[in-house]
Amino acid sequence: MVPKISKVWLIQLGYLVLAILCIMMSAQLLPRIQEKRTDYQLTQNRPLENAPPELVLATTALGGLRCFLVDYLWLRATQLREKGSHYEIIQLYDWIGKLEPRIPDVWRYISWEMAYNICDAMPTPEERWRWVAKGIHQLRNVGLRYNQNMPHLYWELGFMISHKVDVNAADPYSQYYQIRWFEIWQDVFVGPPDLAILAGAPISWEKLMAEPEVEKLVAQFQTIGVDIEKQYYHLSQLPQEKREKLEHLWQQPENQLPLQKLVSYLISQRLEQEYNMSVSKMWQLEQKYGHLDWRLPSPHVLYWAEEGLAAFERLKQTPSKRLDASEMQILEQNLDRLQHMALQDNFEDGQFLTLTPYRVVCTPNFSVLDALQNLYEKIQQKWGLEKGRESHEEFLKRAVKNCYMYNQPEKAKEYFTILQKKFPKPEYNVSIDQFVVQDIGRTINFGQRHIIESYILAKQLEAYRGLLYGDFEHFQGLTSFIAVVHARYVERHEIAAADNPFGGPRPLAYFQTSAAKMLRQEFLQNFGTEKGESIWKQIEARFPLFSKLLEKEK
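Reading guide: rules and limits
Residues numbered from 1 in each chain as written. Predicted model: local features only at pLDDT ≥ 70, side-chain atom pairs only at ≥ 80, totals over all residues. Heavy atoms only, no water. Helix = DSSP H or I, 4+ residues; strand = E, 2+ residues; numbered from the N terminus. Buried < 20%, exposed > 50% of the residue type's maximum accessible area, 1.4 Å probe, protein only. Contact = heavy atoms within 4.5 Å. Axes fitted to C-alpha atoms, helices over the stretch in contact; angles between N-to-C directions. Parallel < 35°, antiparallel > 145°, perpendicular 65-115°, else oblique. Nonpolar A, V, L, I, M, F, W, Y, C, P; charged D, E, K, R; others polar. Patch = residues over 30% accessible without salt bridge, like charges linked within 9 Å, V, L, I, M, F, W, Y side chains within 5 Å. Areas by Shrake-Rupley, 256 points an atom, 1.4 Å probe, with all protein chains shown as cover. Salt bridge = Lys/Arg side-chain N within 4 Å of Asp/Glu carboxyl O. Pairing = 2+ DSSP bridges. Expected span 1.5 Å × (residues − 1). Core = buried A, V, L, I, M, F, W, Y, C linked by side-chain atoms within 4.5 Å. Phe/Tyr/Trp six-rings, centres within 6.5 Å; stacked < 30°, edge-to-face > 60°. Lys NZ or Arg CZ within 6 Å of the ring centre and 35° of its normal. Left-handed = near helix turned anticlockwise from the far one by under 90°. pLDDT = per-residue confidence, 0-100.

Considerations on the overall build of the protein chain
For the protein chain, the count of helices and strands is 26 helices and 2 strands. Counting all 554 residues of the protein chain, 47% fall into the buried class. For the protein chain, the share of sequence-separated contacts (at least 6 apart) that also reach a separation of at least 24 residues comes to 66%.

Have a look at this one:
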């Protein structure tokens with residue numbers, strides 16, 4: 001006997017089938033709905049792609065319960081913050097970010113809390129840097145991935161790098177941070193970066209392997225047990241035998257071009273995946289402004305300022321107004337200010353010279369000088385002729401002085417003429433020599449430390465050039481003058497050395513060694529490595545002073 005199926009059960013089954021059909025139909029319509037949302041600009045960000053599973057779970061499966069969990073986590077984080085339990089807060093902030101990935105203010109607060117409040121409570125520069133780096137990471141690597149069209153987040157990131165790490169940073173341990181920053185990016189680029197080469201890297205591993213010579217090289221790596229795609233940044237950890245075989249492959253002439261393509265791809269992928277940066281955009285900035293050394297902080301500030309301005313343009317096209325007119329204007333002005341501040345820092349200290357235990361030594365980057373002048377003019381036209389005139393005047397004075405000190409007389413005269421025409425003041429109605437002397441006097445007595453250090457370095461380099469050219473009296477005169485300037489510099493800044501070894505004045509030997517390195521580098525660049533080394537050996541034989549300085553550095 002077949003049991004009867006009740007009418008109620010049949011109705012329930014029917015509703016269940018109908019519900020399943022509705023779910024299936026809605027799933028088919030979801031891509032079209034998302035496309036329409038994008039077309040009508042109803043969302044500020046692209047859908048989460050390749051997001052971690054826990055983030056997908058937090059943003060979808062928890063539903064309405066998410067708000068209660070977030071409130072609890074904020075309360076718990078506040079309690080831990082008041083107790084000083086900073087390391088426990090990291091996991092809480094990580095959860096909060098995953099639960100509220102699309103709320104920009106969450107990322108602003110978390111990153112600021114780490115890079116400023118917690119950082120300032122740490123006793124050592126190593127611990128402080130750990131929190132600064134963590135704050136930058138939270139914004140750059142996580143927050144901005146899920147909030148691509150929020151320009152104030154780009155400004156926040158650029159400002160944080162500038163304010164904590166760059167040459168004019170306010171943090172007393174900024175020079176220590178600069179060393180750590182340089183080491184990180186030196187590792188990423190495996191030396192001085194060449195964006196012209198990196199920008200030509202294939203966009204995927206499949207396209208890279210489509211080139212027969214690269215595929216052959218990768219196969220050779222595999223024969224010696226090296227997965228170059230996964231192990232490239234860890235080759236130093238391989239056994240000695242494998243490293244020797246790698247070195248042999250590395251040196252083969254026929255492997256140079258495929259090796260360049262392979263390395264370029266691996267570096268560009270690491271930039272994209274670990275640092276949320278695009279090689280092509282970095283290369284576009286170099287074409288727009290001039291050579292940028294991406295191991296230094298200022299190019300990164302410029303990168304994020306430019307990304308913020310691009311996001312600002314996208315925001316202006318969005319019908320749903322998130323900011324009123326005055327807020328939009330302030331945001332745009334802040335991004336413009338960050339952009340020109342980054343380029344100015346790159347001009348003043350954008351050419352890497354050497355790395356010491358206490359500082360990354362840099363000199364002016366003259367390749368961006370004209371672009372910076374054009375940017376000043378553009379900003380004044382955009383915001384009114386009086387906007388930024390005072391800072392523009394100061395920039396022109398520094399441009400004249402730097403060009404003059406670094407043996408670029410024609411460029412110095414060009415910018416002195418611009419200064420005289422744009423700011424017709426009696427104090428500029430003098431010869432360029434008189435102007436530089438007067439301005440240097442003010443700099444020595446009132447200028448920022450890194451500007452005085454650049455001046456001492458430039459004069460020391462000039463003294464060494466005089467020695468090489470046989471002008472011994474000029475060398476002696478400048479040496480005496482440098483000693484006087486250095487004594488005044490030490491007098492002004494020796495107080496900072498009491499509690500902070502990275503904040504005090506550098507000894508005179510530091511500038512002498514740095515200038516000797518610069519001079520040697522000039523010969524290598526002008527004559528090529530082989531001939532330059534030969535000439536430099538002759539110089540050291542004639543002037544043992546240089547060999548003693550560089551030997552001491554070693």
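A look at the packing of helix α4 (residues 86–99) against helix α6 (residues 125–142)
For the pair α4 and α6, the least separation of the axes is 13 Å and the interaxial angle reads 10°. Compared by their axis directions, α4 and α6 come out roughly parallel. In this structure, α4 contributes His86, Tyr87 and Ile90 to the contact, and α6 contributes Glu127, Arg130, Trp131 and Lys134. Across the contact of α4 with α6, the residue classes tally to 3 nonpolar, 1 polar and 3 charged.

Focus: a nonpolar patch on the surface
Where nonpolar side chains cluster on the molecular surface, the patch consists of Trp9, Leu13, Leu16, Val17, Ile20 and Leu21 and spans about 540 Å² of accessible area. With respect to the helices and strands, Leu21 occurs in helix α1 (residues 7–39).

Describing the pairing of strand β1 (residues 351–355)
Sheet topology places β1 next to strand β2 (residues 360–363); 4 bridges connect them, and they run antiparallel. Residue Phe352 lies in a different strand from β2, and its bridge partner there is Cys362. Taken together, β1 and the strand that follows it, β2, pair antiparallel across an intervening segment of 4 residues.

Quick look at α6
Taking 1.5 Å per residue as the helical rise, α6 with its 18 residues ought to reach 26 Å, and the 25 Å between its terminal C-alpha atoms agrees with that figure. The complete set of buried residues in α6 reads Pro125, Arg128, Trp129, Trp131, Val132, Gly135, Ile136, Gln138, Leu139, Arg140 and Asn141. Where α6 is buried, its residues contact α4, α5 (104–120), α7 (151–164), α8 (174–189), α14 (256–275) and α16 (297–316).

Describing the nonpolar core
Counting residues in each nonpolar core, the largest one holds 138 residues, and the members touching the most others are Trp205, Ile228, Leu262, Trp294, Phe395 and Phe546. Here this core gets 10 residues from one element, more than from any other, and that element is helix α22 (residues 449–468). Not counting residues up to four positions away in its chain, the partners in contact with Trp294 are Trp185, Phe189, Pro193, Leu195, Met277, Met282, Leu285, Glu286, Pro299, His300 and Tyr303. Counting 6 residues, the second-largest nonpolar core is a separate cluster that includes Phe312, Leu315, Met328 and Leu331.

A short note on the packing of aromatic side chains
Under the criterion given, the structure shown has 26 aromatic pairs. Here the aromatic rings of Tyr154 and Trp304 are separated by 6.2 Å at their centres, their planes lie at 25°, and the arrangement is stacked. Highlighted residues: Tyr154 in helix α7 and Trp304 in helix α16, separated in sequence by 150 residues. Judged by relative accessible area, Tyr154 falls into the buried class, the value being 5%. On the accessibility criterion, Trp304 (1% relative accessible area) is buried. Look at Phe523 and Trp536: their rings are 6.0 Å apart centre to centre, the planes differ by 50°, and that puts the pair in the tilted class. Remark: Trp536 occurs in helix α25 (residues 529–542) and Phe523 occurs in helix α24 (residues 508–527); sequence separation between them is 13 residues. When sorted by exposure, Phe523 lands in the same class as Trp536, which is buried. Counting every residue linked through ring pairs, the aromatic cluster contains Tyr464, Phe475, Phe523, Trp536, Phe543 and Phe546. When the ring centre of Tyr233 is taken as origin, the NZ or CZ atom of Arg270, which lies over that ring, is 4.1 Å away. For Arg295, the ring lying beneath its charged end belongs to Phe352, and the centroid distance is 4.8 Å.

A word on unusual backbone geometry
With phi around 55°, Val190 is a residue other than glycine that occupies positive phi space. Within the chain, Asn276 stands out as a residue other than glycine whose phi angle is a positive 55°. The topology assignment puts Asn276 in the loop between α14 and α15 (279–289). The class for Asn276 is buried, based on a relative accessible area of 17%.

Comments concerning the packing of helix α17 (residues 325–349) against helix α18 (residues 369–383)
In the contact formed by α17 and α18, the axes pass within 9 Å of each other and the chain directions differ by 160°. One element, α17, and the other, α18, form an angle in the roughly antiparallel class. Once α17 is placed against α18, the crossing between them reads as left-handed. Contacts between α17 and α18 involve Gln329, Glu332, Gln333, Asp336, Gln339, His340, Leu343, Gln344 and Phe347 from the former and Leu369, Ala371, Leu372, Leu375, Tyr376, Ile379, Lys382 and Trp383 from the latter.

Concerning the confidence of the model for the protein chain
In the predicted model, the protein chain carries a mean pLDDT of 82, and the fraction of residues at 70 or more is 86%. Least confident of the elements in the protein chain is helix α2 (residues 53–61), whose mean pLDDT is 51; most confident is α15, at 95. Every residue in residues 40–51 is under pLDDT 50, and counting partners more than four places away or in other chains gives 29 contacts.

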